[in-house]
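# Descriptive analysis of the structure
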Amino acid sequence: TILPLPEGFPTWKNDLLEHNINQIRLITGSNGLEKNAYSILELERTRSIEKQAASQPAEAGRLASLLPPLKMNTALIFTFILIFGIVVGPVNLFWFAAGNRRPRMFWTTPLISFIGAAVLVVVMILQDGFGGSGARVSLAVVLPEQKQIAVTQEQFAKTGILLSRTFDLPSDGSALITQLPNNQQTTNRFGVMNPRQDKRNLALTNSTAGGGWFASRALQSMLVQDTRMNRGGIEFIPGDKPAVINSLPTALKKLVVQDNEKRLWTASNVRTGERVALEPTDRKTVDGWIANDVVRQMGILLRDRIKLSMNESVSWFFAEAAEPAKLATPTLNSIRWDNDRAFVTGRLTP
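Anyway, here's the lowdown on the structure attached to this text. (Residues numbered from 1 in each chain as written. Predicted model: local features only at pLDDT ≥ 70, side-chain atom pairs only at ≥ 80, totals over all residues. Heavy atoms only, no water.)

## Examining the overall build of the protein chain
When helices and strands are counted, the protein chain shows six helices and 21 strands. Going through the 350 residues of the protein chain one by one, you find that 42% of them count as buried. Of the contacts made within the protein chain by residues no fewer than 6 positions apart, 64% connect residues no fewer than 24 positions apart. (Helix = DSSP H or I, 4+ residues; strand = E, 2+ residues; numbered from the N terminus. Buried < 20%, exposed > 50% of the residue type's maximum accessible area, 1.4 Å probe, protein only. Contact = heavy atoms within 4.5 Å.)

## Description of the packing of aromatic side chains
Across all of its chains, the model carries five aromatic pairs by this definition. Residues Phe80 and Phe84 carry aromatic rings whose centres are separated by 6.1 Å and whose planes lie at 15° to one another, so their mutual orientation is stacked. Separated by four residues within a single helix, Phe80 and Phe84 lie in helix 3 (residues 74–96), roughly one turn from each other. Residue classification places Phe84 among the partly exposed positions, given a relative accessible area of 27%. (Phe/Tyr/Trp six-rings, centres within 6.5 Å; stacked < 30°, edge-to-face > 60°.)

## Considerations on the sheet that holds strand 14 (residues 234–237)
With antiparallel pairing, three strands are arranged side by side in an open sheet as 14-15-18. Sheet topology places strand 14 and strand 18 (275–277) at the edges, where each strand pairs with a single neighbour. Averaged over all pairs of adjacent strands, the angle between strand axes in this sheet comes to 30°, irrespective of strand direction. Sheet topology note: the strand 15 (residues 243–246)/strand 18 ladder contains three bridges and is antiparallel. (Pairing = 2+ DSSP bridges. Axes fitted to C-alpha atoms, helices over the stretch in contact; angles between N-to-C directions.)

## As for the packing of helix 3 against helix 4 (residues 105–128)
Helix 4 packs onto helix 3 with a crossing angle of 160° between their chain directions and a minimal axis gap of 11 Å. Classified by the interaxial angle, the pair formed by helix 3 and helix 4 is roughly antiparallel. Relative to helix 4, helix 3 is oriented so that their crossing is right-handed. Along the contact surface, helix 3 presents Leu76, Phe80, Phe84, Val87, Val88, Asn92, Leu93 and Phe96, while helix 4 presents Met105, Thr108, Thr109, Ile112, Ser113, Gly116, Val119, Leu120, Val123 and Gln127. When grouped by side-chain class, the residues that make up the contact of helix 3 with helix 4 number 12 nonpolar, six polar and no charged. (Parallel < 35°, antiparallel > 145°, perpendicular 65-115°, else oblique. Left-handed = near helix turned anticlockwise from the far one by under 90°. Nonpolar A, V, L, I, M, F, W, Y, C, P; charged D, E, K, R; others polar.)

## Focus: a nonpolar patch on the surface
A grouping of Trp107, Leu111, Phe114, Ile115 and Val119 is seen on the molecular surface, where their side chains present a nonpolar patch of about 530 Å² in accessible area. Tracing the chain through its elements places Val119 in helix 4. Classification of Val119 by relative accessible area gives partly exposed; the value is 40%. (Patch = residues over 30% accessible without salt bridge, like charges linked within 9 Å, V, L, I, M, F, W, Y side chains within 5 Å. Areas by Shrake-Rupley, 256 points an atom, 1.4 Å probe, with all protein chains shown as cover. Salt bridge = Lys/Arg side-chain N within 4 Å of Asp/Glu carboxyl O.)

## Comments concerning the pairing of strand 5 (residues 132–143)
Taken residue by residue, a regular strand's side chains alternate between the two faces of the sheet. Judged by how many residues are buried, strand 5 sits mostly within the fold: 12 of 12 residues are covered. Of the two faces of strand 5, the one holding Gly132, Gly134, Arg136, Ser138, Ala140 and Val142 and the one holding Ser133, Ala135, Val137, Leu139, Val141 and Leu143 are both buried throughout. Looking at chain direction, strand 5 and strand 6 (residues 148–159) are connected through 12 bridges and run antiparallel. Directly across from Arg136, in strand 6, lies its bridge partner Gln155. From the end of strand 5 to the start of strand 6, which pair antiparallel, there are four residues, and Lys147 there has a positive phi angle of about 55°.

## Some points on unusual backbone geometry
For Lys147, which is not glycine, the phi torsion reads 55° and is therefore positive. Unusually for a residue other than glycine, Arg217 sits at a positive phi of about 50°. Note that Arg217 resides in the loop between strand 12 (208–211) and strand 13 (219–229). A residue is classified by how much of its surface remains accessible, and Arg217, at 17% relative accessible area, is buried.

## Observations concerning the sheet that holds strand 7 (residues 167–168)
In space, the three strands of this open sheet follow the order 7-12-11, with antiparallel pairing throughout. Bordering the open sheet on either side are strand 7 and strand 11 (202–205), each of which pairs with just one other strand. Both strand 11 and strand 12 contribute to a ladder of four bridges, which runs antiparallel. Paired with Thr205 across the bridge in strand 12 is Thr208.

By themselves, these figures tell us nothing about what the structure is for.
See the structure below:
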C-alpha cells in the first residue's frame, strides 16, 4: 500500500516500513499481514514537526538573531508614569479643581487620562513605528507526480503598532500554521534566568487567522506549511554539455543538479524559461555551500528535509530562489521581510 508521507518523518528503513521524501510503504510479513503498523504512530509522536522546527544545533544562528532585539525603554516609561501621576493627582486636585471647583474633577480626570493615553500612543509610534520587520526562510519541495509544490516556512517577526492583526491563508484549506516558542528568557529577583513563552488566544476561522498570531510590540515565531498546485520544475537536458530549463515561478540565484549518473552540476542566475548551460562541481563544494550558507538560520526540520532531498538515489536539484516571496506563504501584510530567503528542491524533469 502506498500512502502519502506524514509530516516530520526522517529517512528510515527497516523490516516494518520504508519511505523517502514523498512516500511511505508498509512492508508485509511472510503471511501477508502488516507487521506492527502501529509503530508509524509511535515514530510520529517522537518526531513531531513542532519539536523539529523549534530545535536547532547550538553552533547555528537563529532567524531571530537577524532582527533587532525588542527593548523596553524603562526610563521613558517611568518618567511618563511619574508625570502622569503628578498631573492627575496633586495638580488636578489642588489647581484644576481646587476649592469650590471640586466638581470639575468629573471631567478633568477623564480628560487628563485621555491626553495621557494619546501621548503614550504617540511615543510608542515614534519608538516602534507601524507594522513590523521579520526574517523568514522557506523550503519548497516540487512533487511532479502530483503536480504540486509543498512549502515549509519558518518565520520570526518583531512588531510595532499593528492596526490590523488578521490575515488570510490560502482559501483551499491546504495551509497549516503553528506557533513556535520564541525562547525568550526572564530574570527573577534572585538573578535566575527562566524561559518564557507568550500564551495567546489563537483564532483560525476557515482561511482567516486572527487573535494572537500577531500582537503589537511583541516577537512572533511561526511555522507555516502549504501545498499548492504547480506544473513547473527543472528540465534536465543531458549531453556532453548538459543544460537545464527552469519553469518554476521564480528565477534561481544558484542551482545544483545531480544527474542519473550521480554527477553534480551547477549554474547561477537561472531565469525562468531560458536554457542555461551547466558547469561541473563536486560534493565537497556543494556540502560546503549548504553548511556555511544555506542552513545557518534553519531549524532541524528544514535541515532534515534538505538532507533528505539531497540523498535521493534518483536525479535531483536544489536551488536558492532569486524571488523568495514567490514561493513563500504570505501572512500579515504589514510585516516587512527584511531578511527573506527561499530554497526549492525536487526531482529533475527529463
